[in-house]
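A closer look at the structure
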Amino acid sequence: MSVLTGRLAPQFKATAVVNKQIVPDFSLEQYLGKKYVILFFYPKDFTFVCPTELHAFQNNLAEFEKRNVAVVGCSTDSEFSHHAWVSTPKEKGGIEGVTYPLVADINKTISADYDVLAGEYSIDDEGNEHIEGEMIAYRGLFLIDKEGVVQHQLINNFPLGRSIAEAIRVVDALQHFEQNGEVCPMDWAPGKAAMTADFDGVSNYLSDN
């Protein structure tokens, strides 16, 4: 896996489903200079851990919006699969009620650019194509700042659901640093002490904590 943290997030244009509407040429460029972005990848529509995550992002959408963060989901399913899933009631395993964008990475180029694509693709000496495993996305999550730079990335294997609380905490930490110039130590959360990034800062923090 490559590290995108500290680098410009790969840009793309793709079809997405936004609040049950199919939108062509969806792009992250619309957020540049305006909003932070949480871009998260998930393996498949109509599966098991995935709807718990997508509902959790929706349930906490106001918390992200309060922090000026756009939430964007992405999988290698088509826009038609996304639309069908978002039209399926929760009690039937669907994600009805999800309003944030769901990007259709059917060509798998976005997942590949963010290096979250599972499976291995190769061509042998005779020109035959070989694929091992499913070409679907791991549970990748990327926090992108308003300048389009990735500030945080997390990649889980398929069985491991993520934490909304941690996603929000990392947003808070980034914004605290941007606003106050203080770095955020282990398990920092709003209301807890941060520190200046120098020897006096860490000495004072460790002495008090």
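My aim in this report is to walk through the structure given alongside it, one point at a time. (Residues numbered from 1 in each chain as written. Predicted model: local features only at pLDDT ≥ 70, side-chain atom pairs only at ≥ 80, totals over all residues. Heavy atoms only, no water.)

A closer look at the environment of arginine 139
The test is simple: The secondary structure listing takes helices from DSSP runs of H or I that are at least 4 residues long and strands from runs of E that are at least 2 residues long, numbered from the N terminus. Under the rule applied, a polar contact is a pair of N or O atoms within 3.5 Å (in protein, one hydrogen donor and one hydrogen acceptor; residues adjacent in sequence only if both atoms are side-chain atoms).
Tracing the sequence through the fold places arginine 139 in strand 8 (residues 139-144). Distance in space between the C-alpha atoms of arginine 139 and asparagine 156 is 4.9 Å, their sequence separation being 17 residues. A polar atom in the side chain of arginine 139 sits 2.9 Å from the side chain of glutamate 53.

Details of the pattern of salt bridges
Think of it this way: side chains of opposite charge can pair up when their charged atoms draw near. To be explicit about the condition: Any Lys or Arg side-chain nitrogen located within 4 Å of an Asp or Glu carboxyl oxygen qualifies as a salt bridge. Burial classes: relative accessible area under 20% of the type maximum marks a residue as buried, over 50% as exposed, and values in between as partly exposed (1.4 Å probe, protein chains only).
One pass over the full model with this rule turns up 8 salt bridges. Linking aspartate 172 and arginine 67 is a salt bridge whose minimum nitrogen-to-oxygen distance equals 2.6 Å. Residue aspartate 172 is found in helix 5 (residues 164-180), and its partner arginine 67 is found in the loop between helix 2 (61-66) and strand 4 (69-75); the two are separated by 105 residues along the sequence. Take aspartate 172: its relative accessible area is 12%, and that puts it in the buried class. Salt bridges linked by common partners bring Glu63, Lys66, Arg67 and Asp172 together as one network.

Things to note about the packing of aromatic side chains
The line we're drawing: Between the rings of Phe, Tyr and Trp (Trp by its six-membered ring), a pair exists once the centres lie within 6.5 Å; its type follows the angle of the planes, with under 30 degrees stacked, over 60 edge-to-face, and the other angles tilted.
Per the stated rule, a full pass over the model turns up 11 aromatic pairs. With a centroid separation of 5.0 Å and an interplanar angle of 65°, the aromatic rings of tyrosine 114 and phenylalanine 142 are classed as edge-to-face. Taken together, the residues tyrosine 114 in the loop between helix 4 (109-113) and strand 6 (120-123) and phenylalanine 142 in strand 8 connect sequence positions 28 residues apart. Note on phenylalanine 142: relative accessible area 0%, which makes it buried. Among the aromatic residues, those joined into a ring-pair cluster are Phe40, Tyr42, Phe46, Phe57, Phe64, Trp85 and Tyr100.

Looking at helix 3 (residues 79-86)
Two residues of an α-helix separated by three or four positions point the same way, owing to the 3.6 residues in each turn. Where we set the bar: The directions from the helix axis to the C-beta atoms form the arc being described. Contact criterion: two residues are considered in contact whenever any of their non-hydrogen atoms come within 4.5 Å of each other.
Burial in helix 3 covers these residues: Glu79, Ser81, His82, Trp85 and Val86. The buried side chains of helix 3 occupy one side of the element, clustering within an arc of 160° when seen end-on. Looking at the buried positions of helix 3, the neighbouring elements they touch are strand 1 (13-18), strand 2 (21-27), helix 1 (49-59), strand 4 and strand 5 (102-104).

Quick look at unusual backbone geometry
Residue asparagine 19 is not a glycine yet carries a positive backbone phi of 50°. The topology assignment puts asparagine 19 in the loop between strand 1 and strand 2. A relative accessible area of 47% places asparagine 19 in the partly exposed class. Phi angles above zero are rare outside glycine, and asparagine 68 is one such case at about 65°.

Comments concerning the nonpolar core
This is how it is decided: Side-chain atoms within 4.5 Å link the members of a nonpolar core, which is a set of buried Ala, Val, Leu, Ile, Met, Phe, Trp, Tyr and Cys residues.
One finds Ile38, Phe40, Leu54, Phe57, Phe64 and Tyr100 to be the most contacted residues of the largest nonpolar core, which totals 27 residues. Put simply, the parts of the chain that give this core at least two residues each are strand 3 (36-41), helix 1, helix 2, strand 4, helix 3, strand 8 and helix 5. With 6 residues, the single largest contributor to this core is helix 5. In terms of nonpolar packing, the next biggest core, distinct from the first, is built from 22 residues, Leu4, Tyr31, Leu39 and Val103 among them.

Remarks on the sheet that holds strand 5
Our working definition: Two strands are counted as paired when DSSP detects at least two bridges linking them. An axis is simply a line fitted to the C-alpha atoms; with a helix, the fit covers only the stretch in contact. Between two such axes, the angle follows the N-to-C directions and lies from 0 to 180 degrees.
In spatial order, the strands read 2-1-5-4-3-8-9; together these 7 strands make up an open sheet with mixed pairing. Two strands in the sheet have a free side with no partner beyond their single neighbour: strand 2 and strand 9 (150-156). Within this sheet the neighbouring strands show an average axis-to-axis angle of 25°, counted without direction. Note that strand 8 and strand 9 share 6 bridges and pair antiparallel. Residue pairing for strand 9: isoleucine 144 is matched across the bridge by valine 150. Against the sheet, helix 3 makes contact with strand 1, strand 2, strand 4 and strand 5, and its axis sits at roughly 15° relative to strand 1, the strand it touches most.

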